[in-house]
Amino acid sequence: MNIVILSRNEHLYSTRRLIEEGESRGHDIEVIDPLKCDLIIEKEKPTIYYKDRYLDYVDAIIPRIGASVTFFGCAVVRQFEMMNVFTTVTSDAIIRSRDKLRSFQRLSKAGIGMPKTVFTNYSRDVEEVIERVGGTPVIIKLLEGTQGLGVVLAETRNAAESVLEAFNGLQARALVQEYIAEAKGSDLRALIVDGQVVGAMKRQGKEGEFRSNLHRGGSANYIKLSEAELKLAIKASRALKLPVCGVDMLQSNRGPLLMEVNSTPGLEGIEKATQKNIARAIITFIERNRR
């Protein structure tokens, strides 16, 4: 097959691994920068022009769309969908997952456990917002933050009020979430491919850091998920219609709680922690669905 990876950097670990596994299985793999695509929209014949050619020969795409280019990146994915090209993740699912508020609303309706969360429209009654999630400490998250950026732990009421007032003053929309102390700065990531968990790791934040993101110096180790954790991860991926995704969970005294669903999960941490070939699983997923 002719498989396109939509990525702005072919040297990234995840992109390189997908190239290696795709080529090892006999496919033609091409990396295309979505921001350099021209979308040609016309009656009954939507097409994409890239550099010096039309992309009318593509069988499947693997979107690796960064949060900063969500709008145009998803427009490119949508154009491929209009051309009847198979995609591992749809444009609508990416957009849905990138909007934290929208995704939490869908996940809540699906009956998935998560930390108590409050969203207000720049409310001036900051004290009441804090009380609704059980008081301090609280986690305050920008709606469009990624890789731990835009996430603040406010340990006191004064700190929480200061952060919320600052975000409100900047008209930056934020969620206020209950802090799960028993997680002790760690979380779980389950990697989903074709609706099934193909690998899981426990991430631990570095000393003094409440965020466990590997980009922020955290560490990762293989973990075998409990039945409840497996069910939550699979249920979350189905609720957001993401057959390929990373589901992040916290271990709490009341069972696993969903933290976030990532529609473009990195492969480096999970492959190294689990010693599993996640990239091959993604290529195999495409093969099963293109036959």
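Residues numbered from 1 in each chain as written. Predicted model: local features only at pLDDT ≥ 70, side-chain atom pairs only at ≥ 80, totals over all residues. Heavy atoms only, no water.

Caption draft 1: Highlighting the nonpolar core. The biggest cluster of nonpolar side chains holds 67 residues, and the ones touching the most others in it are Leu6, Phe80, Leu107, Val247, Leu258 and Val261. If you tally residues by element for this core, the top one is helix H9 (residues 278-290), at seven residues. Of all hydrophobic cores here, the second largest spans 14 residues; its members include Val129, Ala160, Val163 and Phe167. (Core = buried A, V, L, I, M, F, W, Y, C linked by side-chain atoms within 4.5 Å. Buried < 20%, exposed > 50% of the residue type's maximum accessible area, 1.4 Å probe, protein only. Helix = DSSP H or I, 4+ residues; strand = E, 2+ residues; numbered from the N terminus.)

Caption draft 2: Here's a closer look at the packing of helix H3 (residues 91-98) against helix H4 (residues 100-109). Look at H3 against H4: their axes get within 5 Å of each other, and the N-to-C directions meet at 100°. In terms of orientation, H3 lies roughly perpendicular with respect to H4. Contact with H3, carried on its side by Ile95, Arg96, Ser97 and Arg98, involves Lys100, Arg102, Ser103 and Arg106 of H4 and no other residues of that element. Looking at the contact of H3 with H4, its residues break down into one nonpolar, two polar and five charged. (Axes fitted to C-alpha atoms, helices over the stretch in contact; angles between N-to-C directions. Parallel < 35°, antiparallel > 145°, perpendicular 65-115°, else oblique. Contact = heavy atoms within 4.5 Å. Nonpolar A, V, L, I, M, F, W, Y, C, P; charged D, E, K, R; others polar.)

Caption draft 3: Here's a closer look at the environment of Ile139. Counting through the fold element by element, Ile139 comes out in strand S9 (residues 138-142). For the pair Ile139 and Glu155, spaced 16 residues apart in sequence, the C-alpha to C-alpha distance is 8.7 Å.

Caption draft 4: Representation of the pattern of salt bridges within the structure. Under the counting rule described, the total for this entry stands at 17 salt bridges. For Glu131, the salt bridge is made with Arg157, and the minimal N-O distance between the two is 2.7 Å. Here Glu131, found in helix H5 (residues 126-132), pairs with Arg157, found in helix H6 (residues 157-169); they are 26 residues apart in sequence, far enough to count as distant. Through salt bridges with shared partners, a single ionic network connects Arg17, Glu20, Glu21, Glu271 and Arg280. (Salt bridge = Lys/Arg side-chain N within 4 Å of Asp/Glu carboxyl O.)

Caption draft 5: Examining the sheet that holds strand S1 (residues 2-6) more closely. The strand order S2-S1-S6-S7 describes an open sheet built from four strands, whose pairing is parallel. Strands at the two margins of the open sheet, each flanked by one partner only, are strand S2 (28-32) and strand S7 (86-87). Judged from the two bridges that link them, strand S6 (residues 60-63) and S7 form a sheet pairing that is parallel. When the sheet's bridge partners are listed, Ile61 is paired in S7 with Thr87. (Pairing = 2+ DSSP bridges.)

Caption draft 6: Molecular detail of the packing of aromatic side chains. Counting across every chain of the model gives two aromatic pairs. On the numbers, 5.6 Å between centres and 70° between planes, the contact of Phe86 with Phe285 is edge-to-face. You can see Phe86 sitting in strand S7 and its partner Phe285 sitting in helix H9, a full 199 residues away along the chain. (Phe/Tyr/Trp six-rings, centres within 6.5 Å; stacked < 30°, edge-to-face > 60°.)

Caption draft 7: Representation of the sheet that holds strand S16 (residues 255-262). Reading across from one edge, S14-S13-S12-S15-S16 is the order of the five strands in this open sheet, with antiparallel pairing throughout. Since the sheet does not close on itself, it has two edges, and those belong to strand S14 (219-222) and S16, each with one partner. With direction set aside, neighbouring strand axes in the sheet form an average angle of 30°. As paired strands, strand S13 (residues 196-204) and S14 are joined by four bridges and run antiparallel to one another. By the bridge assignment for S14, Met201 is matched with Tyr222. Sitting on the sheet, H9 is in contact with strand S12 (186-193), S13 and strand S15 (244-252), with an inclination near 35° to S12.

Caption draft 8: Quick look at helix H1 (residues 13-24). The end-to-end C-alpha distance of H1 is 16 Å, a good match for the 16 Å that 12 residues give at a rise of 1.5 Å each. Turning to H1, its buried residues are Tyr13, Ser14, Thr15, Arg17, Leu18, Ile19, Glu21 and Gly22. On the buried face of H1, the contacting elements are S1, S2, S6, helix H8 (268-274) and H9. In the stretch just after H1, Gly26 is the one whose phi turns positive, near 90°. (Expected span 1.5 Å × (residues − 1).)

Caption draft 9: Inspection of the side chain of Thr87 at higher detail. With respect to the helices and strands, Thr87 occurs in strand S7. For Thr87, a relative accessible area of 10% corresponds to the buried category. At a separation of 2.7 Å, a polar atom in the side chain of Thr87 contacts the main-chain carbonyl oxygen of Val89. When near neighbours in sequence (up to four residues on either side) are disregarded, Thr87 contacts Ile61, Pro63, Val77 and Glu81. (Polar contact = N/O pair within 3.5 Å; in protein donor to acceptor, adjacent residues only side chain to side chain.)

All we've got here are geometric facts, nothing functional implied.
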